[in-house]
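One-letter residues, chain by chain:
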Protein chains: 2
Amino acid sequence: MLREAMPTLSPLAPQSYPDIPPIAGVRFATGSAGIKTKTRADVLLALFDKGTSVAGVFTASKCPGAPVDWCRARLKRGRARALVANSGNANAFTGKAGVETTRRIAALAGAAAQIDASEVFLASTGVIGEPLDAGKFEGLIEKLAAEASPGGFLAAAKAIMTTDTFPKVAYAKALLGGVEVSIAGIAKGSGMIAPDMATMLAFVFTDAPIAAAPLQEMLRRGADTSFNAITVDGDTSTSDTLLLFATGAAAGRGAPKIAAAGDRRLQSFRAALDEVLGDLARQIVKDGEGARKFVKITVEGAVSKRSAKIIARAIANSPLVKTAIAGEDANWGRVVMAVGKAGEPADRDRLAISFGDIRVAYKGARDPSYDEVQVAALMHRPEIDIRVDLGLGKGRATIFTCDLTKEYVAINGDYRS
Amino acid sequence: MLREAMPTLSPLAPQSYPDIPPIAGVRFATGSAGIKTKTRADVLLALFDKGTSVAGVFTASKCPGAPVDWCRARLKRGRARALVANSGNANAFTGKAGVETTRRIAALAGAAAQIDASEVFLASTGVIGEPLDAGKFEGLIEKLAAEASPGGFLAAAKAIMTTDTFPKVAYAKALLGGVEVSIAGIAKGSGMIAPDMATMLAFVFTDAPIAAAPLQEMLRRGADTSFNAITVDGDTSTSDTLLLFATGAAAGRGAPKIAAAGDRRLQSFRAALDEVLGDLARQIVKDGEGARKFVKITVEGAVSKRSAKIIARAIANSPLVKTAIAGEDANWGRVVMAVGKAGEPADRDRLAISFGDIRVAYKGARDPSYDEVQVAALMHRPEIDIRVDLGLGKGRATIFTCDLTKEYVAINGDYRS
C-alpha cells in the first residue's frame, strides 16, 4: 500500500505572498485531469499572445523525460503560444509511448487554442516509468483554453505543486528603454510524488519585447547563479525545466524591441530577471524535503570560479556537513573534510572558515580566538552562512542548500506502509 | 553538552569471527592513553621484525591529517618496524603543532623499541581540529613495547574502533613458491567520534617476503576494487589510511623473496590479498552508520571501466536511491535518475535495470513482465543486488554501499543534546 507523505509547512516558508498583477499577453487556467487524485488541480495551461518568444534551460540528465526532449526540439524556433504543465506523472522513462503522449498533448492544446502544436511547450513532474495517458487531457484542455484569463499566479503555482509545502511565486519590475516592464515567475521544488523523485519546474513570464536569442543568453546566465546554484540532496531530476516566455506586449507601451544580448538597454531587465530567478531558486531550497535550515555557502580565494563552485557544491552536498547543521553544530571539521574531498586545488594551511561573522578556523588550525558560545547561538538561527576562504586566488562562488534531517529520510524512505 | 552516540550492533554484523593465528614477525599491544575516555583501549602498537617492507594507500583528500603526511613521506624507503594507531583524535587540521605531535610520537616509539623513528608508521582517527597531546603517549608507548606479543588480532581491531559496532578482522592463506604464507587484516570503519567524521583505517600483515615495490603495486590495485569501491555517504575522511606490512618471516620456511610485481609466483598471494582487502571493505559498509541493508551495485555495458565506476558511484551515493532501499522499495526510477545525473555516456532507450534476478526496466521503459510481489519480497532481504546494463560497451564496475536511514541522520546530527 502506498501512503502519501504528509509534509507540514516548511518553517522557512515565506510570511506572505506578493500581489502579482497580470502580465500582458499571458493567460492561465488550471484544472484536474485526475492523474494522481481527482480532488486537486494537476494541470496548468498558459496561453501566450502571438509574437511571444521563449528561452529554456533543462536538466543535465542523460536520461531526460519525454517532455524535456519535446521542449528542447521546439526551442530552436524560439516561439511559444502555450505551455501545458502537469503534476502526478513525469512521463519519463516511458519509451516510445511517452514520446507519443507529448505529441498528443501538444496536438490537443494546439487544436483547443487554434495554434501550431509545435509552439506548445510541455512539462511533467511526478512518478517516473508509469505511462502517462494523454486521454486524461482530452476535454480538459479545451475547457482550460476557453477559461484562460489574465493573472492568477498563485493559483498557477499551486497547480504545479506536488509535495511542496508552499507555492512559489516571485515578481520584479524593470525599465526597458525607459518603459516599465514586468517579470513574474512560478516554481515547484523538491517535493515528492510518492514513490518518486524531486523535480524542479520553473516558468517565468514577461511582457518585455525581447527576441529568443538574447532571452536564451540571459536565462542561461541567470540559471547559473540561481537554479544551478542550489542543491537539496545533489540528485538531479530527469525533468528539471526552466522556461522564460516574453510576450512583447510592453512594445505597445513604447518599450523597444531587443534583438541582441549585448544591448545595453537590457541592464535593468537582466538584474530584475536575476532577482526573480534567485528568489524562486531560494524558495525551492527553503522547501527542500525535510529542510529546517537555509544554508548559504560561499567559497572564495579559489583558483577559479569553476573551482570555487565545485568546492562549494562538495560542502553543500556533504551528508556530514548537512546533518551537523541539522544538529545545530558548527562542525567546521566536516567543512575541511568536504573541501579536501572536492579534488580541487586547496592548501590546508591557508584555509579559513567562518560561520556567520565568526572565523572558526584559520591557517590550517582552529582559530584560537573564537567564542564557542557565540557560534552556538548563531547555529540556532534558521539561516546559516558558511564562508570558506582558500587563500589561493580570486575564484568565488555561492551555493544555497538546506540541512539533512530525519524528515528527509522519512519523506523519501517511508512512503510505503 | 556532548552526548555519546550509542550505536546498537549492526544487523549486518558477522555471526562469528575467524580464529586468526599469529603472523610471524608481528607483535601487538593495546592500551589506553585516555585520549577520549580513560576506560577503553585507544592506542594500538604493532612491532615488526627487521626486514619488514611496507606499502600504503591514503585518503585522496587535499586536506589530509598530519599522520597521513608523515606516512607518505616515510613510505619512500619502504621499510617499517612499528605502527602506532590511536582513536579519539585524528590529529588533522592541527597546524604545525600537529606535525610536531607526529614527530614526537614516532620518536617515543623509536626510543621504546630501539628502532629508527623514520620506520614508525602512524595513524590517528577521531575528532579533527583538536590538538593531540603527544604527552599522553609518554610512558604508555614504553609499556606497550615491553608487552607486545604475537597474535591478538581481535584485540587489535577493537583498539582502533570508534563507534564501529563490531571489530573487523579478515584472514587468508596463499602459496608463495609452494610455501604457505598468511595474510591477516584489521580495519575500522565509518564510525563516528562525536562530534566528528567517518574515518577508515585498515592494517594488513603478512609473513610473505615481498619487497616494498611489488607490495605497493599489489596494494594499490587491490584498493581499487575493495576500499575504493565502497561508499557509505560519499564523504572522504582526512585520515583514510591503508597500510600493508610484510615481515618476510616465511622466507625462513623456504618462501622465495619476491622483488618484482610481475613475478608469476605472486598469483596466489595477490588473490588472497584481494580477498582480505575485499572482506574488510565489505565489513566497513556493513557497519556503515545506520546501515540496515548491504547493497551491491554493478554497472555493466558502459563505454569504459572508469565510466562504469562513476555511474555505479552516482547510484551508490544518491540519497534518493539510498532512502528508497531503506524503505524497501525497488524504486528503479531513482536508479534511472542517478544514471542520468552521472554525466557519463548513457542512452535512456538501451538501459536495463535489475534488482536481484528480476529485470524491472528494459529498453527505456518498465519491463512489462516483472512481478511486483517478487521484487517486494526481495527488497526485504538484508542484502540487495542492483544491476544496471547500459548496453553501450564493455565497461564494468561494482560498488558496495548501504542504505540511508534515520539512524544515519541521528548519529551525525543528534550528537549534541
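Residues numbered from 1 in each chain as written. Chains lettered and ligands numbered in written order. Predicted model: local features only at pLDDT ≥ 70, side-chain atom pairs only at ≥ 80, totals over all residues.

Considering the overall build of chain A
To keep it simple, the criterion reads: In DSSP terms, a helix is any run of H or I states spanning at least four residues, a strand is any run of E spanning at least two, and both are numbered starting from the N terminus. Note that the radius of gyration is over C-alpha atoms, with the globule rule given as 2.2 Å times the number of residues to the power 0.38. Working definition of burial: number of other C-beta atoms within 10 Å of the residue's own, with buried at 20 or more, exposed at 12 or fewer, and partly exposed in between, all C-beta atoms being placed from the backbone. In this description, any two residues whose backbone-derived C-beta atoms lie within 7 Å of each other are considered to be in contact.
Regarding its fold elements, chain A presents 11 helices and 16 strands. Taken over C-alpha atoms, the radius of gyration comes to 22 Å for chain A, in line with the 22 Å a tight globule of 417 residues would show. When each of the 417 residues of chain A is scored for burial, the buried share is 60%. Long-range contacts, defined as pairs at least 24 residues apart, comprise 80% of the intrachain contacts of chain A with a sequence gap of at least 6.

Some details on the sheet that holds strand β7 (residues 179-188) of chain A
Residues and elements named next belong to chain A. Our working definition: Pairing between strands is defined by DSSP: at least two bridges between them are needed. For helices, the fitted axis covers only the stretch in contact; all axes are lines through C-alpha atoms, and the angles between them, taken along N-to-C directions, range from 0 to 180 degrees.
Strand order in this open sheet of 5 strands is β3-β10-β8-β7-β6, and the pairing throughout is mixed. Of all the strands in the sheet, just β3 (53-58) and β6 (168-176) have a single pairing partner and so form its edges. Neighbour-to-neighbour, the strand axes of the sheet open up by a mean angle of 15°, direction not taken into account. In this structure, β7 lies alongside strand β8 (residues 201-206), joined through 6 bridges in antiparallel fashion. Across the sheet, the residue bridging to I183 is T206, located in β8. Against the sheet, helix α1 (residues 66-75) engages β3 and β10 (241-246), with an angle of about 135° to β3. Running at roughly 170° to β6, helix α6 (residues 267-286) makes contact with β6, β7 and β8 of the sheet.

Digging into the packing of helix α1 (residues 66-75) of chain B against helix α2 (residues 95-113) of chain B
If you want to describe how two helices pack, look at the angle between their axes and the distance between the axes. All names here are of chain B. Formally: An angle below 35 degrees is read as roughly parallel, one above 145 as roughly antiparallel, one from 65 to 115 as roughly perpendicular, and any other as oblique. Definitions for this section: a left-handed crossing has its near helix turned counterclockwise from the far helix by less than a right angle. A right-handed crossing has that turn clockwise. Note on residue classes: Ala, Val, Leu, Ile, Met, Phe, Trp, Tyr, Cys and Pro are nonpolar, Asp, Glu, Lys and Arg are charged, and everything else, Gly too, is polar.
As a packed pair, α1 and α2 sit with axes 9 Å apart at the nearest point and diverge in direction by 55°. Considering the angle they form, α1 stands oblique to α2. In the packing of α1 onto α2, the handedness of the crossing is right-handed. Touching A66, P67 and W70 of α1 are G98, V99, T101 and T102, all from α2. For the contact of α1 with α2, a count of residues per class yields 4 nonpolar, 3 polar and no charged.

Concerning the nonpolar core
Stated formally: Here a nonpolar core is just a set of buried residues of the types Ala, Val, Leu, Ile, Met, Phe, Trp, Tyr and Cys, joined wherever their C-beta atoms sit within 7 Å.
Within the largest apolar cluster, 294 residues are counted, with the highest numbers of intra-cluster contacts made by L45, A82 and I315 of chain A together with L45, A82 and I315 of chain B. If we ignore the near neighbours within four places in the chain, the residues touching L45 of chain A are A29, A82, V84, A109, I141, L144, A145 and A148 of chain A.

A closer look at the domain arrangement of chain A
All names here are of chain A. For clarity, the threshold we go by: How far each domain reaches was decided by an automatic or database domain assignment.
Parsing chain A into structural domains produces domain 1 (26-286) and domain 2 (294-413). Distance from the C-alpha centre of domain 1 to the C-alpha centre of domain 2: 33 Å. Listed by partner, the interface residues are 10 residues for domain 1 and 11 residues for domain 2. With 4 residues, α6 is the largest single contributor of residues to the side of domain 1 that touches domain 2. Residues belonging to the side of domain 1 that touches domain 2 are distributed by class as follows: 6 nonpolar, 2 polar and 2 charged.

Some details on the interface of chain A and chain B
Tallying the contact residues gives 51 residues for chain A and 51 residues for chain B. At 8 residues, helix α9 (residues 332-341) of chain A tops the list of elements feeding residues into the side of chain A that touches chain B.

Some details on the pairing of strand β2 (residues 43-48) of chain A
Residue and element names in this part refer to chain A. Counting buried positions along β2 yields 6 of 6 residues, so the element is predominantly enclosed. Burial of β2 is two-sided: the residues V43, L45 and L47 facing one way and the residues L44, A46 and F48 facing the other way are all buried. Direction of pairing for strand β1 (residues 26-31) relative to β2: antiparallel, over a ladder of 6 bridges. By the bridge assignment, A29 is partnered in β2 with L45. Inspection of the sheet shows β2 paired to strand β4 (residues 82-89) by 5 bridges, in the antiparallel sense. Paired with L47 across the bridge in β4 is A82.

Some thoughts on the environment of E142 of chain A
You can see E142 of chain A is positioned in helix α3 (residues 140-147). Sequence separation between E142 of chain A and A109 of chain A is 33 residues; the distance between their C-alpha atoms is 7.3 Å.

Describing α9 of chain A
Residue and element names in this part refer to chain A. Extensive coverage of α9 is indicated by the burial of 10 of its 10 residues. Buried positions along α9 lie against α7 (305-317), α8 (319-326), β12 (352-355), β13 (358-362) and β15 (383-389). Taken from the residues just after α9, G343 is the one with a positive phi, measuring 85°.

What about the environment of A46 of chain B?
Residue and element names in this part refer to chain B. Along the polypeptide, A46 turns up in strand β2 (residues 43-48). When the C-alpha positions of A46 and V26 are compared, they lie 6.8 Å apart, and in sequence the two are 20 residues distant. Dropping the residues within four chain positions of it, A46 is found in contact with V26, F28, A82 and L83.

Examining the relation of the copies chain A and chain B
Our working rule: Here the copies were fitted onto each other by least squares, based on C-alpha atoms from residues at pLDDT of at least 70 in both.
Screw-axis analysis of chain A against chain B gives a translation of 0.0 Å along the axis, an RMSD of 0.0 Å, and a rotation angle of 180°. Considering both components of the superposition, the chain copies are consistent with a two-fold axis. If distances are taken from each C-alpha of chain A to the rotation axis, the shortest is found for K406 of chain A, at 2.5 Å.

Observations concerning the sheet that holds strand β9 (residues 230-231) of chain A
All names here are of chain A. The strand order β9-β16-β11-β15-β12-β13-β14 describes an open sheet built from 7 strands, whose pairing is mixed. One side of each edge strand has no neighbouring strand; the edge strands of this open sheet are β9 and β14 (365-366). In the sheet, strand β11 (residues 294-302) pairs with β15 via 7 bridges, with the strands oriented parallel. Along β15, the bridge assignment pairs T298 with R387.

A word on helix α11 (residues 406-413) of chain A
It helps to recall that an α-helix has 3.6 residues per turn; residues three or four apart then point in one direction. By the criterion of burial, α11 of chain A is predominantly enclosed, with 6 of the 8 residues buried. Residues E407, Y408, V409, I411, N412 and G413 of chain A constitute the buried set of α11 of chain A. Where the residues of α11 of chain A are buried, they touch α8 (319-326) and α11 (406-413) of chain B.

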